[in-house]
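# Observations on the three-dimensional arrangement
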Amino acid sequence: MPCQQRGQARRGQRWRAPGGGVIWLPAAMPDAVLLACAPALALAIDRLLGEPGLRWHPVAWMGRWLAWAGERLAPRVGEPRVLSDARVFWFAALSWCGAAAAVFALAWLFQAWVLTQPVWLAALALGLFLKPLLAWAMLHDEVLAVERALGESLDAGRAQLARLVSRDVSQLSPAQVRESAIESLAENLNDSVVAPLFWFALLGLPGAALFRFANTADAMWGYPGVRGGRDWAWAGKWAARADDVLAWVPARITAALIALPAGHTAGPGRLWVEAARTPSPNGGWPMAAMALALRVQLRKPGIYTLNPEGRTPEPADTLRACAIGSRTVGVATLLACGALLGVLV
C-alpha cells in the first residue's frame, strides 16, 4: 500500500484492496474495541429481544430452501428409484455446495458494505445480524421449561421435551426426560453458540452464516436412514459430514469450557473415553463434559450411557446445567471478542 494510503487507513479511512475488497482498519483502540464487541452485542440482543419472527429469520429462510430442495433430492420410500445412490449423493452434495456458496457470498457482500460505514454503525450492524445465527436465551429457557413441566406431570414434561429433541419421547421416564433435556442443552451449546462464535471470530459474518447453514442442513437432511417417508441415507450424507467437519474444533472447545472450571477430577483422557461412547464425532464431547461436571449419568436408551458411575440427575441438576451453560457462553463470548480485538489492533 502506498504511504499516503497507509496514512489514511491509520486515520480510520477505507482502503480498497487491489482485488476490489474493502478492508476496514480502525483508527484507534476505541474503534477496534467497538468492532470486537459485536459478539457481546449479539448475545445481549439475544437475551433482551429473543428471536426475530420467522418471516425475518435467516435460519428460517435456510430451512425453507432446504425443505424445498430435500423434497426433490431424497427419494420417497416405496417408489421406483430414478437415480442411483451415487447420483443422489452427488446431486445433494452439489446442491449443498451451491447453497452454501450463496449464503457465504451474501454474508460477505453485506459485511463488506457494513465495514465501509462509521465504526459505531458497523459494530451495531455486525452484532444485530450475528444474533439470528446464534441462540442461547431460547435454549436456556426451553430446558428450564422442561423441568417446570416435569413438576406438573410426566406427560407435560414429555410434551415440552419434544420441542427440543427429535427422538421419540413417549416412553421416557421422568429421569430420562431430564437427562435428555440436559443432553440437548450441552450439545446445542456448541451448535447454537460456541460454533457460530468460533466461525465469526475466524471469518466474520460469512463464517457464522456458513456454519449455521451447515448445521441446519444436517438437522434437516443428515439422517442415516428413512425419515418423513424419504430415504436420506445418501441424500443427507454430505450434509452430515460437512457439519461434522465444521463443528469438530468448536465441539472440543465447548467441552473444555464446560469442564475446565467445573472442578471435577476427571482429566482429558476420561473426557475422551466418555465422548467416544456416542455415535456422533462431536456431540459426545459437550455432553460428556456436562455429565462429568454435574457428576451424573446421561443416557440415550439403547445407544449410550455417559458417565455410567454417576448418579441419576435431579431437578437441581437441570438448574446447575443451565448455570454451567450460561458461564460457558459468557467465557466463549469474551474469547471471541478477545480474538477479534487481537486481529483488529
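Use the structure listed above.
Presented here is an overview of the structure given in this document. Residue numbers restart at each chain and count upward from 1, following the sequence in its written direction. Reporting in this predicted model follows two pLDDT cut-offs: at least 70 for local features of residues, and 80 or more for side-chain atom pairs to be given and counted; totals over whole chains, interfaces and linings ignore these cut-offs and use all residues. The basis for every side-chain value is the complete set of heavy atoms in the structure, and neither hydrogens nor water enter the calculation.

### A word on the state of the cysteines
Any covalent bond linking the sulfur atoms of two cysteines counts as a disulfide. Rules: Working definition: a disulfide is two cysteine sulfur atoms within 2.5 Å of each other.
Per the counting criterion, the structure on display carries zero disulfides. Cys37 forms no disulfide, and the closest cysteine sulfur to it belongs to Cys337, at a distance of 5.5 Å.

### So, the environment of Asp168
To keep things clear, this is the line we draw: Put simply, DSSP marks the helices as runs of H or I at least four residues long and the strands as runs of E at least two long, and each gets a number from the N terminus on. Whenever two N or O atoms come within 3.5 Å, that pair is a polar contact, provided that in protein one can donate a hydrogen and the other can accept it, and provided that, for residues adjacent in sequence, both atoms are side-chain atoms.
Note on placement: Asp168 falls in the loop between helix 8 (154-161) and helix 9 (174-203). Taking C-alpha positions, Asp168 is 22 Å from His140, a pair spaced 28 residues apart along the chain. Side-chain polar atoms of Asp168 contact the side chain of Ser170, separated by 2.9 Å.

### Structural notes on a nonpolar patch on the surface
We apply this condition: Residues qualify for a patch when their relative accessible area is over 30% and they have no salt bridge, like charges being joined within 9 Å and the nonpolar side chains of Val, Leu, Ile, Met, Phe, Trp and Tyr within 5 Å. A 1.4 Å probe and the Shrake-Rupley method give the accessible areas. Residues count as covered only by the protein chains that appear here. Salt bridges are defined by distance alone: a side-chain nitrogen of Lys or Arg within 4 Å of a carboxyl oxygen of Asp or Glu.
A surface patch of nonpolar side chains, about 480 Å² in accessible area, is lined by Phe104, Trp108, Leu109, Leu202 and Leu203. Secondary-structure elements contributing two or more residues to the nonpolar patch are helix 5 (85-114) and helix 9. In terms of residue count, the dominant contributor to the nonpolar patch is helix 5 (three residues). Structurally, Phe104 is set in helix 5.

### Quick notes on the side chain of Asp243
Put simply, the test is: When accessible area is computed with a 1.4 Å probe and restricted to protein chains, residues below 20% of their type maximum are described as buried, those above 50% as exposed, and intermediate ones as partly exposed. In this tally, Lys and Arg are treated as positive and Asp and Glu as negative; His is ignored, and so are the chain termini. Contacts were defined at the residue level, with two residues in contact if any of their heavy atoms lie within 4.5 Å.
Along the chain, the position of Asp243 falls in helix 11 (residues 237-259). One buried charged side chain, Asp243, makes no salt bridge at all; its nearest oppositely charged neighbour is Arg212, positioned 7.1 Å away. The contact partners of Asp243, leaving out residues within four places of it in the chain, are Phe211, Ala214, Asn215, Asp218 and Asn282.

### A few points about the pattern of salt bridges
Applying the stated criterion across every chain, the model contains 16 salt bridges. Arg158 is the salt-bridge partner of Asp155, the closest N and O atoms lying 3.6 Å from each other. Taken together, the positions of Asp155 and Arg158, both in helix 8 and three residues apart, correspond to about one turn of that helix. Of the residues examined, Arg158 reaches a relative accessible area of 16% and is grouped as buried. Within this structure, Arg270, Glu274, Arg277 and Glu309 form a network of salt bridges that share partners.

### Details of unusual backbone geometry
Here Arg295, not a glycine, exhibits a phi torsion of approximately 60°, which is positive. Checked against the element boundaries, Arg295 lands in the loop between helix 13 (284-294) and strand 5 (298-300). Phi at Asn307 takes a positive value of approximately 50°, unusual for a residue other than glycine. Within the secondary structure, Asn307 sits in the loop between strand 6 (304-306) and helix 14 (315-344).

### Details of helix 6 (residues 119-130)
To be explicit about the condition: Expected helix span is taken as 1.5 Å per residue step, with the number of steps being one fewer than the number of residues.
Given a rise of 1.5 Å per residue, 12 residues ought to cover 16 Å, and the 16 Å separating the end C-alpha atoms of helix 6 matches this to within 8%. Residues of helix 6 that are buried include every one of Val119, Ala122, Ala123, Ala125, Leu126, Gly127 and Leu130, and no others.

### Describing the packing of aromatic side chains
Formally: Only Phe, Tyr and Trp rings take part, Trp by its six-membered ring, and two of them pair if their centres are within 6.5 Å. Stacked means planes under 30 degrees apart, edge-to-face means over 60, and tilted covers everything else.
Applying the stated criterion across every chain yields a total of 12 aromatic pairs. Here the aromatic rings of Trp65 and Phe213 are separated by 6.5 Å at their centres, their planes lie at 50°, and the arrangement is tilted. With Trp65 in helix 4 (residues 58-73) and Phe213 in helix 10 (residues 205-221), this pair connects stretches of sequence that are 148 residues apart. For Trp65, a relative accessible area of 30% gives the class partly exposed. When its relative accessible area of 2% is taken as the criterion, Phe213 is described as buried. Taking the centre distance of 5.7 Å and the plane angle of 55° together, the rings of Trp96 and Phe213 count as tilted. With Trp96 in helix 5 and Phe213 in helix 10, this pair connects stretches of sequence that are 117 residues apart. Both residues of the pair, Trp96 and Phe213, count as buried. A network of ring pairs unites the aromatic residues Trp65, Phe89, Trp90, Trp96, Phe213, Trp221, Trp232, Trp234 and Trp238 as a single cluster.

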